[in-house]
Amino acid sequence: MYVAVKGGEAAIRNAHALLAKKRRGEESVPEIGLDQISGQLSLAVDRVMAEGSLYDRDLAALAIKQARGDLIEAIFLARAFRTTLPRFGASEPVDTGAMRIARRISATFKDLPGGQVLGPTFDYTHRLMDERLATNAADAPSPRGGEGWGEGPERREPGAVSTVGSLPSPPAPLPQGERGVVQMPRVTDLLGDEGLIEGSPADDGTPPRDLTREPLAFPADRPLRLQALARGDEGFLLALGYSTQRGYARTHPFVGEIRFGTVEVSLHAEELGFAVPLGEIELTECQSVNQFKGSASEPPQFTRGYGLVFGQSERKAMSMALVDRSLRFKELGEEKSAPAQDEEFVLSHCDNVQATGFVEHLKLPHYVDFQAELDLIRRMRAEAEAAPREDLKEAAE
Amino acid sequence: MNAPVASSMPAITYNFAYLDEQTKRMIRRAILKAIAIPGYQVPFASREMPMPYGWGTGGVQVTAAILGADDVLKVIDQGSDDTTNAVAIRSFFETTAGVATTTRTQDATIIQTRHRIPEAELKAGQTIVFQVPIPEPLRYLEPRETETRRLHGLADYGLMQVKLYEDIARHGHIATTYAYPVKVEGRYVMDPSPIPKFDNPKMNDSPALQLFGAGREKRIYAIPPYTQVVSLDFEDHPFKVQAFRQPCALCGATGVYLDEVILDDRGKRMFVCSDTDHCATRQAEGHTGEMSAPYGAGAAAPALHGAESHRGTDGAIP
C-alpha cells in the first residue's frame, strides 16, 4: 500500500487521460470550436489576452478550450507561449485619442465633444436570467432587436430611444468603423486645456523598462508599475481599487473617461525611415480624475490615474487606474497608510500566474521537510514531558 | 497541434530545451555572475515556463540554459526520481531537448533537485541545480526586498543571529530544520533551498558546481566547486544534523535521510531511504533491511521505488 506515496509515470499518464476526457465533456454534444469561444465568450478571450500579455484571439480561445474554461490556467498557457516568441521590435506608442470608438463614456460631464457612446455594455441591463438564451437552436433570441440581455424584446424595439444618458442608443449594434469619423478628444485633454488637471508626463525619450525581459526591481517607476498592473490579476486589482474607495488610502476618484475601441499599431521600420501599420487591436482605456489639494510647488489641480487593457475590460481598466493613482502617493506628497499604496506589496502579488503557481505548489510533496519538522516536534514534546518531572523533583528536594 | 485550427494561427515550434537562445544567453550571464560572487543572489529576467511558478521554474530555466545535447540528466524531488514533479520535469527535457536521462547519481552530468542532495558524494564535473522557492534567507525576518538587499550589501546579518539566538532562548536549540541558512566563503548568508539541514554539510567543499534557480522570485545564485559553506551556529550551540534511530527498512542504510511511511491506521510505520537511487543501488548490492526480509531482497524493493504504480487508474495522483 505504501506504493501510493510515490508518484509513478503510469498514474500521471492516467490522470492526464482523464483530464482530456473531462475537457471534452459529454461526447454526444458537439465539440466547441475556437470561433465559438472567440465570438461568443469574447470577454473571456479579452481577459486571457490582457493578463496573458498576448494579443491573439485564436490562441487565447485555444487556451480557454484547453484549460476547460479556467481563465487563470488559460492565461498561464498564453504566457508560457508568449515567452518563447522572438522580439523584433517595439511598436510606436498607440494613440488612444485617435481610437475608433465602440464605447466612450464620461462620468464627469453630461455631454462633451463626440458625445456619450454607450456601445456594448452590461450597464443598465436588468440582471435577470434570460431563459431564451438557454438554447443553441435556431430560435435563439435575435441580437438584431437587442434581445438576449434580459430586457425582453418589447423594451428594446428598433429605434427606441434610451432614457439613459443624453443620446439615443443605437437601434442595433453598429458595424465597427462607422463611428470612426467622429472626433473624440479625451476628457483629460479637455480639462488640460484649462490647466485644471496635471499634464501627461512628457516623453523624455527613455525607453521604458520591460518587465518581461528584466527582473522587477524596486523602486519601480510609473511605466514599470503600469506594465505590471496591465498584466495583473483583475480580481486582485479590483479588490485593491475597492479598498481605496472604502477609505484605505482614499483618492476621491471620478471616472473622467472610459473608452473602448480599436487603435492602429505601427512599427517604425529602420529600412524605410517611417512607421508601417501592422494592424489594429482593441483596447479599453480609463482615465480617472482625482482630487489633489496642492503642495508647496504645485497649485491645487486634479491628478490622474491611468488604466489600459487589451480588449474590453472596464472593470480591470478602472481598477488599474485606481491603484495607479494610489501608488503615486509619494510624488504627490500624500501620506502612506494602506496596502494599495505599497508598490512592493502590490507589484509582488498582482501577477496571478506567479501567485497561483506558488499557492498550488503546496500540493507537491513536502515530506522531506515535514519529516524534519516531525522529528523536531517529537523531540520538543519529549523534552516538554521530561521537564515537569524535574520540577517535581526540585520541589520534593 | 495536429488538429485543424484557425488559418491565422502561427505555427508553434520550440527551441532545444524550450528556451530561445537569447534567453539562455541572459541566464548564462546571470549564472556566470553568480559563480563569480558565491552566495550572492543575481537578479535575472525569469521567464514564464510551461510549468507553474513554485514548481521548479527557476531550476528548469537554469538546467535549460546549461543543458547540452550530450548531457545526462537526473531529476529528483524529495530525493526520489519517481515523484510526480520529478517525472514531469524529466519528461519535459526528454521531450524538448531529447537528452539522455538517468536515475543513477554517478552517471548524471546535471542533477536537478528539489529539497534534497543525493547521498552519494558528487564528483568534479557534475552540476547540481536546486529549485528554490524563496531565495532570500532574510525574507521571513524582513519582508522588503529593498531592505534585505541593503542588509546583504552591508553584510549585516544581525537579524539572523538574533533569530537563531531567540530559538535557543525559547527552545534550547535552533528550531530550523530545513532551509537552514549558511554562510558562503565567509561573505554572503544564503538560503540552501528547503533541503533538510541534514544535507547542509554536503554543500561544503563540494567538488560539484551548485547552482540555484528561483523562477518566481527571479534570482540565481551559485556555489562554485570547493567553496566553503558553513551552517550558521554559535560556539556553545554548534550546528548538528538530524540523526535517525533506525536504519532504512529496505536496504539497512544508516547515516542517510529517511522518509517515514505510514503503513496502517494503527500507528505502524516504516522508515526508508529518501534517496531512492541510493536505496536501489544498495539493494542491488545485496543489502537488506527489516522489511525486505519476507519478500527477499529483490522482490519488495522495486514495488516501492519502481516507476510503475499500480494505482492511479482513477486519475488521482497519490
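Residues numbered from 1 in each chain as written. Chains lettered and ligands numbered in written order. Predicted model: local features only at pLDDT ≥ 70, side-chain atom pairs only at ≥ 80, totals over all residues.

**Student:** Outline the overall build of chain A, supporting the account with residue identities and numerical values.
**Tutor:** What chain A contains, in helices and strands, is 12 helices and 4 strands. The long-range share in chain A, meaning contacts at least 24 apart out of those at least 6 apart in sequence, stands at 63%. (Helix = DSSP H or I, 4+ residues; strand = E, 2+ residues; numbered from the N terminus. Contact = placed C-beta atoms within 7 Å.)

**Student:** Before we move on, can you summarise the overall build of chain B with the specific residues and values?
**Tutor:** The number of helices and strands found in chain B is 8 helices and 12 strands. A buried classification covers 49% of the 318 residues belonging to chain B. Taking as baseline every contact in chain B between residues at least 6 positions apart, the subset at least 24 positions apart corresponds to 62%. (Buried ≥ 20, exposed ≤ 12 C-beta atoms within 10 Å, placed from the backbone.)

**Student:** If you had to explain the packing of helix α5 (residues 71-82) of chain A against helix α11 (residues 352-360) of chain A to someone new, which residues and values would you point to?
**Tutor:** Residue and element names in this part refer to chain A. Relative orientation of the contacting elements α5 and α11 amounts to 115°, with a least axis distance of 10 Å. When the axes of α5 and α11 are compared, the pair comes out roughly perpendicular. Two packed elements cross with a definite hand, and for α5 against α11 that hand is left-handed. Here I72, I75, F76 and R79 of α5 come into contact with α11, specifically with N352, V353 and T356. (Axes fitted to C-alpha atoms, helices over the stretch in contact; angles between N-to-C directions. Parallel < 35°, antiparallel > 145°, perpendicular 65-115°, else oblique. Left-handed = near helix turned anticlockwise from the far one by under 90°.)

**Student:** Tell me what's going on with the pairing of strand β4 (residues 303-310) of chain A, and back it up with residues and numbers.
**Tutor:** All names here are of chain A. Buried residues dominate β4, accounting for 8 of its 8 residues. Both faces of β4 are covered, namely the face carrying T303, G305, G307 and V309 and the face carrying R304, Y306, L308 and F310. Here 8 bridges tie strand β3 (residues 274-290) to β4, and the two strands are oriented antiparallel to one another. In the sheet register, Q287 faces β4, and the bridge partner there is Y306. (Pairing = 2+ DSSP bridges.)

**Student:** How would you sum up the sheet that holds strand β2 (residues 253-269) of chain A? Please name residues and give values.
**Tutor:** Hydrogen bonds between backbone groups are what pair the strands of a sheet, and the pairing can be parallel or antiparallel. Residues and elements named next belong to chain A. One open sheet holds the 4 strands; their spatial order is β1-β2-β3-β4, and the pairing between them is antiparallel. The sheet is open, and its two edges are formed by β1 (100-105) and β4, each paired on a single side. Neighbour-to-neighbour, the strand axes of this sheet turn through a mean angle of 25°, independent of strand direction. In terms of strand pairing, β1 meets β2 through 5 bridges, oriented antiparallel. What sits directly across from R100, in β2, is T262. Running at roughly 145° to β4, helix α9 (residues 314-327) makes contact with β2, β3 and β4 of the sheet.

**Student:** Let's hear about the pairing of strand β9 (residues 219-223) of chain B: which residues, and what values?
**Tutor:** Residues and elements named next belong to chain B. Taken across its 5 residues, β9 has 5 buried, putting it largely inside the fold. Relative to β9, strand β1 (residues 42-43) runs antiparallel, the two being bridged by 2 bridges. Residue pairing for β9: P43 is matched across the bridge by R219. Hairpin connection, strand β8 (residues 209-214) to β9: the antiparallel pair is bridged by 4 residues, and K218 has positive phi, about 60°.

**Student:** Could you give an account of helix α7 (residues 222-230) of chain A, naming the residues involved and the relevant values?
**Tutor:** If you check which residues of α7(A) are buried, you get L224(A), R225(A), L226(A), A228(A), L229(A) and A230(A). In this structure, the buried residues of α7(A) make contact with α8 (234-245), β4, α9 and α10 (343-349) of chain A.

**Student:** Tell me what's going on with the nonpolar core, and back it up with residues and numbers.
**Tutor:** In terms of nonpolar packing, the biggest core is built from 116 residues, with V48(A), A78(A) and I31(B) touching the most fellow members. The element best represented in this core is α5(A), accounting for 8 residues. Setting aside its immediate chain neighbours within four residues, I31(B) contacts V62(B), A65(B), L211(B), I220(B) and A222(B). Within the second largest apolar cluster, 16 residues are counted, among which are L250(B), C251(B), V256(B) and L258(B). (Core = buried A, V, L, I, M, F, W, Y, C linked by C-beta atoms within 7 Å.)

**Student:** Describe the sheet that holds strand β6 (residues 182-184) of chain B, naming the residues involved and giving the relevant values.
**Tutor:** All names here are of chain B. If you walk across this open sheet you meet the 3 strands as β7-β6-β10, and the pairing is antiparallel. The sheet terminates laterally at β7 (188-190) and β10 (229-231), the two strands that pair on one side only. Here the average twist between neighbouring strands, direction ignored, is 30°. Bridge count between β6 and β7: 3 bridges; the pairing is antiparallel. Bridge pairing in β7 links V184 to Y188.

**Student:** Before we move on, could you go through the environment of K218(B) and cite the residues and values that matter?
**Tutor:** Looking at where K218(B) falls in the secondary structure, it is placed in the loop between β8 and β9. Among the residues examined, K218(B) registers 23 C-beta atoms within 10 Å and is labelled buried. Contacts of K218(B), omitting those with residues within four sequence positions, involve P215(A), L216(A), P43(B), F44(B), A45(B) and S46(B).

**Student:** Describe unusual backbone geometry, and please don't skip the residues or the numbers.
**Tutor:** A cis amide bond links F218(A) to the next residue, P219(A), at an omega of -5°. Positionally, P219(A) belongs in the loop between α6 (187-193) and α7. Within the chain, E185(B) stands out as a residue other than glycine whose phi angle is a positive 50°. One can find E185(B) in the loop between β6 and β7. On the basis of neighbour count, E185(B) is assigned to the partly exposed category, with 15 C-beta atoms found within 10 Å.

**Student:** Describe helix α3 (residues 42-51) of chain A, listing the residues and the values that go with them.
**Tutor:** Residue and element names in this part refer to chain A. When you tally the buried positions in α3, you get 7 out of 10 residues, the bulk of the element. Looking only at α3, the buried set comprises V45, D46, R47, V48, M49, A50 and E51. With its phi angle positive at about 50°, S53 sits one or two positions after the end of α3.

**Student:** Report on the environment of P223(A), specifying residues and quantitative values.
**Tutor:** Residue and element names in this part refer to chain A. Relative to the helices and strands, P223 is located in helix α7. What makes P223 partly exposed here is the crowd of 15 C-beta atoms within 10 Å. Sequence separation between P223 and S326 is 103 residues; the distance between their C-alpha atoms is 15 Å. Contacts of P223, omitting those with residues within four sequence positions, involve P208 and R209.

**Student:** Give a description of the confidence of the model for chain B that names residues and reports values.
**Tutor:** All names here are of chain B. When pLDDT is averaged along chain B, the result is 88, and 89% of the positions lie at 70 or above. pLDDT under 50 marks residues 1-6. Its contacts with residues more than four places away, or in other chains, come to 6 contacts. pLDDT under 50 marks residues 295-318. Its contacts with residues more than four places away, or in other chains, come to 57 contacts. Model confidence for the complex: the whole-complex pTM is 0.80, and ipTM, which rates the interface, is 0.70. (pLDDT = per-residue confidence, 0-100.)

**Student:** Give a detailed account of the packing of α3(A) against helix α4 (residues 57-66) of chain A, specifying residues and quantitative values.
**Tutor:** Residues and elements named next belong to chain A. Put simply, α3 and α4 touch, their axes get as near as 9 Å, and they point 105° apart. One way to sum up the angle between α3 and α4 is to call them roughly perpendicular. Here α3 contributes A44, V45, V48 and M49 to the contact with α4, which in turn contributes R57, A60, A61, A63 and I64. Among the residues forming the contact of α3 with α4, the class breakdown is 8 nonpolar, no polar and 1 charged. (Nonpolar A, V, L, I, M, F, W, Y, C, P; charged D, E, K, R; others polar.)

**Student:** Give me the lowdown on the environment of A102(A), citing residues and values where you can.
**Tutor:** Along the chain, A102(A) falls in strand β1. In this structure the C-alpha to C-alpha distance between A102(A) and A134(A), which are 32 residues apart in sequence, comes to 28 Å.

**Student:** Just give me the short version of the confidence of the model for chain A, but keep the residues and values in it.
**Tutor:** Residues and elements named next belong to chain A. Here chain A shows a mean pLDDT of 85. Residues at 70 or above account for 85%. Confidence, expressed as mean pLDDT per element, reaches its minimum in chain A at helix α12 (residues 367-396) with 80 and its maximum at α3 with 98. Across residues 1-5, where pLDDT falls below 50, the model places 12 contacts with residues more than four positions away in sequence or in other chains. Per-residue pLDDT stays below 50 along residues 150-180; that stretch engages in 42 contacts with residues further than four places along the chain or on separate chains.

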